[in-house]
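Examining the three-dimensional arrangement
Here is how the chains run, residue by residue.
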Amino acid sequence: MAEGMTWSVLDGDKLTQAEIYGQVLTQLGATNPRLVAMTADLAKSTKIGAFGDKYPDRFINMGIAENSLFGVAAGLAMAGWKPVVSTFAVFAALRSAEQVRTDICYQNLDVKIIATHAGISFGQAGSTHHCTEDIAVMRSFANMTVIVPADGIETGNAVVAAMDHPGPVYIRIGRGFEPPVNTTKDYGFQIGKAVTMKDGKDVTLITCGVCVGQAMRAAKVLETQGLSVRVINMHTIKPIDRDIIIKAVVETRRIITVEEHNTMGGLGSAVGEVIVESGKACAFRKLGVPDAFAIVGYPEDLYNHYKFDADGIIEAVGALMKKEIEEDENWDDET
Amino acid sequence: MPLTAEEIKTMQQKAKDIRKSIVDITFTAGGGHIGGSLSQTDILVALYYRYMNIDPKNPRKEDRDRMILSKGHGGLGWAAVLGEKGYFDKALLKNFNKTGSPFGMHLDSLKVPGCDASTGSLGHGLAIAVGMAIGAKKLKQSWRTYCVMGDGECCEGSVWEAAIIGAFHKLDNLTAFVDRNRLMIDGPTEDITQLDSMDDKFKAFGWEVLHVDGHDFTALGGAIEKAMAIKDKPTVIICDTVKGKCVDFMENEYKWHYGGLDSDMRDKAYTCIDTYYDKVGG
């Protein structure tokens, strides 16, 4: 992290991801005179408005014009600014996908995107406002880095790290408050390096975003049932931490991915790609929204409905533990 | 200051050389967007040979004026201008479209010196230009942004998003052009949709609108200078142009949006260009 790139937020464990990034961005504004914040009529909803209140001259509200939001961001970056753009994930990743890909990623511009209301975190709003496709879309763009922070504290860390990370970065957060999984910001957050939240030897849960908390709760219950569960917070989907995945395959032989995203194309697919390429077999299951437009409802109800909350994870672990794994201690003979 | 007769003569000469270069690249590349490259040529020549603050030997100099060719398929014609200006060795244009070449049909800002933005997907350029112009104003820098659009791309909603925000930010450091050749891939613009009256459309969006013959350097120069003097709003110069300008068998033929040339057609095109400039001088 560059000198001066630090942040502190009072009551960080009581704020939403969006509230924290709004505050952190505002703090970074003091030491980064070229930081400019942008949105498209979602200053209050996304919390990027906090930056605008402090630095009105470095804040651009485009009105409801998401395509140009990212085109103008590209132009600002080429003029020497460091734009941070915030809107709902569904608009950033789908409506403006081409501007993000062609104007920003193709030219490898230093534009940071903070996409809020991702997944089904705005469950009541229906599928026009859900976004269970953005990880798949964004990780397929060359030059793009994709980060899905687990809680408010990690969101603060991700924003700071993104500022110091050249090129486009997509940070995906939710809408409301999720119980924090981190108690301190000083756990060595690094883009591309997953965090082992809890070690274990029987099964590994690889997860990101709000699902990290669900996985931790599931793991605690499973421990009482005599299972040793490893929980990995894969906060960076791209570039993915291949080593930690392969280590989990070798050491636990059972992997479940958990994400608030379509089970096609997101974290589960990214982890699956690494496993298949490693040539090492394991029992594998992906939890998330199962290739459907999600029903309407409160997020916690939907996580339960699609069985990727703690209860759903416990059920999936139980099923996966029943699956027989061929004993093979000699991994060296495999490629 | 109005262009002198001498300046206009030089521009005609450059436009002639560049049009021949466009024909030549189309021939060697095995095809290209020749119609629109020929219609935009005089706009680019006026800017690159008289008005833009640029240094081809230092293509990234900080205070340079920026060019966004929003009609990115005019990349072939833009490359011909950049080559003629000395941004790179013109001989490199022999590789246009070839595997691994820095030059594809739509220029890549990371590969082509003088190309300030990668374009090609229509309707993107004006927003990028607006971002640059806002950026320059906020940095209190005096360089200008020029954006050349096609008329067909004005069907794209994103053009009008950018037009709204450009007027809101009072971008008097931005001059846009519409290469109004009245043809798109599938035919005449007004047979397919309704782009007239473009002047009224931009005026309604808060832009200063100037309308000129896009092949008349005196008119182009006058409009560009007028745009520089206008305060508190961006200007669009709608340029009436002829697709395929100077090559009689291409002029106003929508089928020449994209095409290839054999050596006979190339030679005929050269002759057309020579004949045209024998008449107008240059």
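Here the residue numbering is sequential within each chain, running from 1 through the sequence in written order. Labels follow written order: the first chain is A, the first ligand is 1, and so on. pLDDT decides what is reported in this predicted model: residues at 70 or higher carry local features, side-chain atom pairs at 80 or more are listed and counted, and totals for whole chains, interfaces and linings draw on all residues regardless. Based on all heavy atoms of the structure, the side-chain values leave hydrogens and waters out of the count.

Brief notes about the interface of chain B and chain A
Put simply, the rule reads: Note on contacts: a residue pair qualifies if any of its non-hydrogen atoms lie within 4.5 Å across the two residues. Note: buried area is the sum, over both parts, of the accessible area (probe 1.4 Å) each one loses when the two are combined. We define a salt bridge as a contact between a side-chain nitrogen of Lys or Arg and a carboxyl oxygen of Asp or Glu at a distance within 4 Å. Pairing of N or O atoms within 3.5 Å defines a polar contact, subject to two protein rules: one partner must be a possible hydrogen donor and the other a possible acceptor, and residues neighboring in sequence count only if both atoms are side-chain atoms. Put simply, DSSP H or I for four residues or longer makes a helix, DSSP E for two residues or longer makes a strand, and each gets a number counted from the N terminus.
Across the boundary between the two partners, chain B contributes 25 residues, which contact 23 residues of chain A. When chain B packs against chain A, close to 2000 Å² is buried across both sides, 60% of that on carbon and sulfur atoms. Considering only the surface of chain B that becomes buried against chain A, His124(B), Lys138(B) and Glu161(B) emerge as the three largest contributors, covering 28% of it. If you look at where chain B meets chain A, you find 0 salt bridges. Between chain B and chain A we count 12 residue pairs in polar contact (both at pLDDT 80 or more) in total. For the side of chain B that touches chain A, the secondary structure elements donating two or more residues are helix H4 (125-138) and helix H5 (157-168) of chain B.

So, the domain arrangement of chain A
All names here are of chain A. The criterion, for reference: In this document the domain limits rely on a domain assignment from an automatic tool or a database.
Taken domain by domain, chain A comprises domain 1 (12-172) and domain 2 (195-323). Between the C-alpha centres of domain 1 and domain 2 there is a distance of 26 Å. Across the boundary between the two partners, domain 1 contributes 27 residues, which contact 33 residues of domain 2. Here domain 1 packs against domain 2, burying approximately 2100 Å² in sum over the two surfaces, 56% of which is carbon and sulfur. Three residues stand out in domain 1 for area buried against domain 2, namely Ile120, Thr132 and Arg139, and they jointly supply 31% of the buried area on that side.

Concerning unusual backbone geometry
Residue Pro239(A) is bonded to the preceding Lys238(A) through a cis peptide linkage, with omega at 0°. Cis geometry is adopted by the peptide bond preceding Ser197(B), which originates at Asp196(B) and carries an omega value of -10°. Structurally, Ser197(B) can be placed in the loop between helix H6 (189-192) and helix H7 (198-204). Even without a glycine there, the phi angle at Lys47(A) is positive, about 80°. Among the secondary structure elements, Lys47(A) is positioned in the loop between helix H2 (43-46) and helix H3 (49-54). The backbone of Asp232(B) sits at a positive phi, close to 70°, despite the residue not being glycine. Here Asp232(B) shows up in the loop between helix H8 (217-229) and strand E7 (235-240).

Details of the sheet that holds strand E3 (residues 174-180) of chain B
All names here are of chain B. Put simply, the rule reads: Note on pairing: DSSP must find at least two bridges between two strands before they are called paired. With axes taken as lines fitted to C-alpha atoms, and helix axes fitted only over the stretch in contact, angles between N-to-C directions fall between 0 and 180 degrees.
Taken in spatial order, the 5 strands make up an open sheet running E1-E2-E3-E7-E6, and their pairing is parallel. This sheet does not close on itself; its edge strands, each paired only once, are strand E1 (66-69) and strand E6 (208-213). Adjacent strand axes in the sheet meet at a mean angle of 20° when their direction is disregarded. Pairing geometry for E6 and E7, over 6 bridges, is parallel. Paired with His211 across the strands is Ile238, a residue of E7. The strands that H4 touches are E1, strand E2 (145-150) and E3; relative to E2, the one it contacts most, it runs at about 170°.

Some remarks on the packing of aromatic side chains
Applicable threshold: What counts as a ring pair is set by centres within 6.5 Å for rings of Phe, Tyr and Trp (its six-membered ring), and what kind of pair is set by the plane angle: stacked under 30 degrees, edge-to-face over 60, tilted for all other angles. Should the NZ of a Lys or the CZ of an Arg lie within 6 Å of a ring centre and within 35 degrees of the ring normal, that charge is described as sitting over the ring.
All told, the structure shown has 12 aromatic pairs over all chains when counted by the stated rule. When the ring of Tyr146(B) is compared with that of Phe177(B), the centres are 6.4 Å apart and the planes differ by 40°; the resulting orientation is tilted. Here Tyr146(B), found in strand E2, pairs with Phe177(B), found in strand E3; they are 31 residues apart in sequence, far enough to count as distant. In textbook terms, an aromatic cluster arises when at least three aromatic residues are bridged by ring pairs, as seen for Trp160(B), Phe202(B), Phe205(B) and Trp207(B). Here Arg58(A) stacks its cationic end above the ring of Tyr55(A), 4.3 Å away from the centre of that ring. When the ring centre of Phe27(B) is taken as origin, the NZ or CZ atom of Arg266(B), which lies over that ring, is 4.3 Å away.

A few points about the side chain of Thr41(B)
Residue and element names in this part refer to chain B. Tracing the backbone through its elements, the reader meets Thr41 in helix H2 (residues 34-51). From its side chain, Thr41 meets the backbone oxygen of Ser37 in a polar contact 2.7 Å long. Apart from residues lying up to four places away in sequence, Thr41 is in contact with Ala15, Ile18, Arg19 and Ile22.

Comments concerning the nonpolar core
Defined as follows: As used in this record, nonpolar core signifies buried Ala, Val, Leu, Ile, Met, Phe, Trp, Tyr and Cys residues forming a set joined through side-chain atoms within 4.5 Å. Whether a residue is buried, partly exposed or exposed follows from its accessible area with a 1.4 Å probe, protein chains only, as a fraction of its type maximum: under 20%, in between, or over 50%, in that order.
Core analysis: the largest hydrophobic core is formed by 93 residues, its most contacted members being Tyr170(A), Ile245(A), Leu126(B) and Phe202(B). By residue number, the principal contributor to this core is H4(B), which donates 9 residues. Structurally, this core is a two-domain feature, drawing no fewer than three residues from each of domain 1 (12-172) and domain 2 (195-323) of chain A. Not counting the four nearest positions on each side in its chain, Ile245(A) is found in contact with Ile206(A), Met234(A), Ile240(A), Val271(A), Val274(A) and Ile275(A).

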